[in-house]
Amino acid sequence: MKALVKLEVGEGKVSIKDVDEPQITREDEVKIKVKAAGICGTDVEILHGKDALFRPPVIMGHEFTGEVVDVGDRVKELKVGSRVVFEPTVGICGDCRYCRSGRYNLCSNRLIAGFSAPGGFSEYAVRRQRYVHKLPNKVSYIAGALCEPLAVCTHAVLELTPIYPGDIVAVIGPGTIGLLSLQLAKASGACPIVIGTSKDKLRLDLAKRLGAEYVVNIDEEKETLSGIIKDLTEGCGVDVVIGCCGAPESFGLGIDILRKGGHYTQIGLFTRDVSFPIDKMSYHELTLQGSFGQKNSAWNRALPLLEKGLVDTLPLVTSLPMSKWEEGFKMAETKQAIKVVLEPGE
Ligand SMILES: [Zn+2]
Ligand SMILES: [Zn+2]
C-alpha cells in the first residue's frame, strides 16, 4: 500500500513509499481503510526534522478516520463497514500511575501514531479497539479527521480549565486549536474573544462566524482589545486565557490581559523557552495550566459535541488527495489553509 513516510531524522526526507499493508494480529484489533487524515502543525515540524518525539522511519499522520474492513474475533461493537476515528494512542505501558488513573496521555511509554508507531497518511491502518471510536453518522470522514484536535481542545478547555457561563475567555491564536477552543468556550456559556495578528484576517472572520463575540487583530487593534476588556470586565481582565499559538509574545499578552485569580491554559507549543514576569503569578494568584494531547474521557465528550452540532469542523477544512501532500504541507505551513486533510485513497 502507499504511505507517506518520514524516512530519517533531519530536514525533509519524506516521501510516498510502497509499504506492507498492516494485518490484524490480535483478537481486539480493528483494521480500517483510511478515508481522511489531517495535517497537524507537528507534522510540519516532523517534515523539518524539528519534533522531539518522532522515531523514523515512520508513517506520518495522527488525525484520521476510516471505514472498518476487518475485525479481530473479540471485536463486537464494530463491524466491517463501520465508520470510525482512531485515537493517536497506539499503546501504553498500562502500569504507571498515569495509566492506572486514566491519564494515559502522560504515560512516558505511550506509543503515538505518526511519531513512534504507524500513522494515518496511509491506505490502511490497524488499532486495538480501545483506541477506536465510532464516528457520528452526521459527521463526514473529512470533518471527522478533526476529532483528534477537538479531543485535544476538549481535554484542555473542558477537562482542565474551570469555565463558567458568562466568563470572558480570551483565545489567542485562531488556527485549528483556537477555532475549536472558541466553540467549546461558547458551548460552555462563556463569551469568547479571539485574538490573532494581521496574518490571521480570514481566520478571524471565520472565528466570528463560529461564535466569537469579539475578534481582534492585535497588530492593528491593541487599543480596541483594551477597550473591550475594560467594558466587559470593569478593567479587571479576562477570567480565562486559552493559549493556542506558539509565538512567545502571545504568552506575555495572555498574562497581561488575565484578571487576578484568573486561569491560563496553554495548548500550543512554543518549541523554545519563554520568559515572563513570574512574580505576577504570586501577586495575582494566577493559575498556569499546561495541556498535552487527549485521553479517552475527552474523546467521549468531544464526539457528542460534534454530533449535536455544538462544534463545527468542516469550515476549517481544505481537502486534497494524498498524492498532493507537498502542496498540502506548504498550505499548512504558510497558513493558506487552516486544516489540510489528505485523502489517501484519492
Ligand atoms: Zn495534532
Ligand atoms: Zn503508563
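Position labels on residues start from 1 in each chain and follow its written sequence. Numbering of ligands from 1 and lettering of chains from A proceed in the order in which they are written. Note on the predicted model: pLDDT of at least 70 is required for a residue's local features to be given, and 80 or more for side-chain atom pairs to be given and counted; whole-chain, interface and lining totals, by contrast, use all residues. As a rule here, side-chain values come from all non-hydrogen atoms in the structure, and water together with hydrogens is ignored.

With an unreviewed UniProt entry as reference, the chain is termed Sorbitol dehydrogenase, source organism Aerophobetes bacterium. UniProt positions are given in the numbering used here, feature names are shortened, and annotations may be inferred rather than shown by experiment. As recorded by UniProt, the Sequence similarities (unreviewed entry) comment attached to the chain reads in full: "Belongs to the zinc-containing alcohol dehydrogenase family."

Engineer: I would appreciate a short explanation of the pairing of strand 18 (residues 339-343) in the present structure.
Structural biologist: Every regular strand shows the same layout, with side chains that alternate between the two sheet faces. Across the 5 residues of strand 18, 5 count as buried, placing the element largely inside the fold. A two-sided burial pattern is seen for strand 18, the buried positions comprising Lys339, Val341 and Glu343 on one face and Val340 and Leu342 on the other. Pairing of strand 3 (residues 29-38) with strand 18 involves 2 bridges; the strand directions are antiparallel. If you follow Ala37 over to strand 18, its bridge partner there is Leu342. In this structure, strand 17 (residues 317-321) lies alongside strand 18, joined through 5 bridges in parallel fashion. Its bridge partner lying in strand 18, Ser319 is registered against Val341. Crossover handedness is defined here as right-handed if the route from the first strand over the helix to the second strand goes clockwise, with the strands pointing away from the viewer. Each helix is a run of DSSP H or I of at least 4 residues and each strand a run of E of at least 2, with the numbering of both proceeding from the N terminus. Note that the unit made of strand 17, helix 11 (residues 325-333) and strand 18 has a crossover that is right-handed. Whether a residue is buried, partly exposed or exposed follows from its accessible area with a 1.4 Å probe, protein chains only, as a fraction of its type maximum: under 20%, in between, or over 50%, in that order. At least two bridges found by DSSP between two strands are what make those strands a pair.

Engineer: I tried to follow the coordination of the zinc ion (ligand 2) on my own but got confused; where do I start?
Structural biologist: A four-donor tetrahedral metal ideally has 109.5 degree angles, and a six-donor octahedral metal ideally has angles of 90 or 180 degrees. In this listing, donors mean N, O and S atoms no farther than 2.8 Å from the metal, or 3.2 Å for Na, K and Ca; water is missing from the atoms, so a site can look incomplete. Protein-derived ligands of the zinc ion (ligand 2) are Cys93 (SG), Cys96 (SG), Cys99 (SG) and Cys107 (SG), with the metal-ligand distances lying across 2.3 to 2.4 Å. If you look at the zinc ion (ligand 2), its 4 donor atoms make angles of 100 to 121° with each other, and the shape they trace is tetrahedral. All donors of the zinc ion (ligand 2) come from a single chain, and their spacing in sequence reads C-x2-C-x2-C-x7-C. Residue classification places Cys99 among the buried positions, given a relative accessible area of 12%. Every geometry call rests on angle ranges, with four donors termed tetrahedral when all angles are between 85 and 135 degrees, four termed square planar and six termed octahedral when opposite donors are over 155 degrees apart and all others are between 65 and 115, and everything else termed irregular.

Engineer: Teacher, can you tell me more about the coordination of the zinc ion (ligand 1) here?
Structural biologist: Each protein donor to the zinc ion (ligand 1) is listed here as Cys40 (SG), His62 (NE2) and Glu63 (OE); together their distances run 2.1 to 2.6 Å. Positions of the donor residues of the zinc ion (ligand 1) along the chain correspond to the pattern C-x21-H-E.

Engineer: Help me out: how do you make sense of the side chain of Asn105 in this one?
Structural biologist: On the secondary structure map, Asn105 appears in the loop between helix 2 (97-100) and strand 8 (111-112). If sequence neighbours within four positions are ignored, Asn105 has contacts with Arg110, His155, Phe292, Gln294 and Lys295. When checking whether two residues touch, look at their non-hydrogen atoms; a contact exists if any pair is within 4.5 Å.

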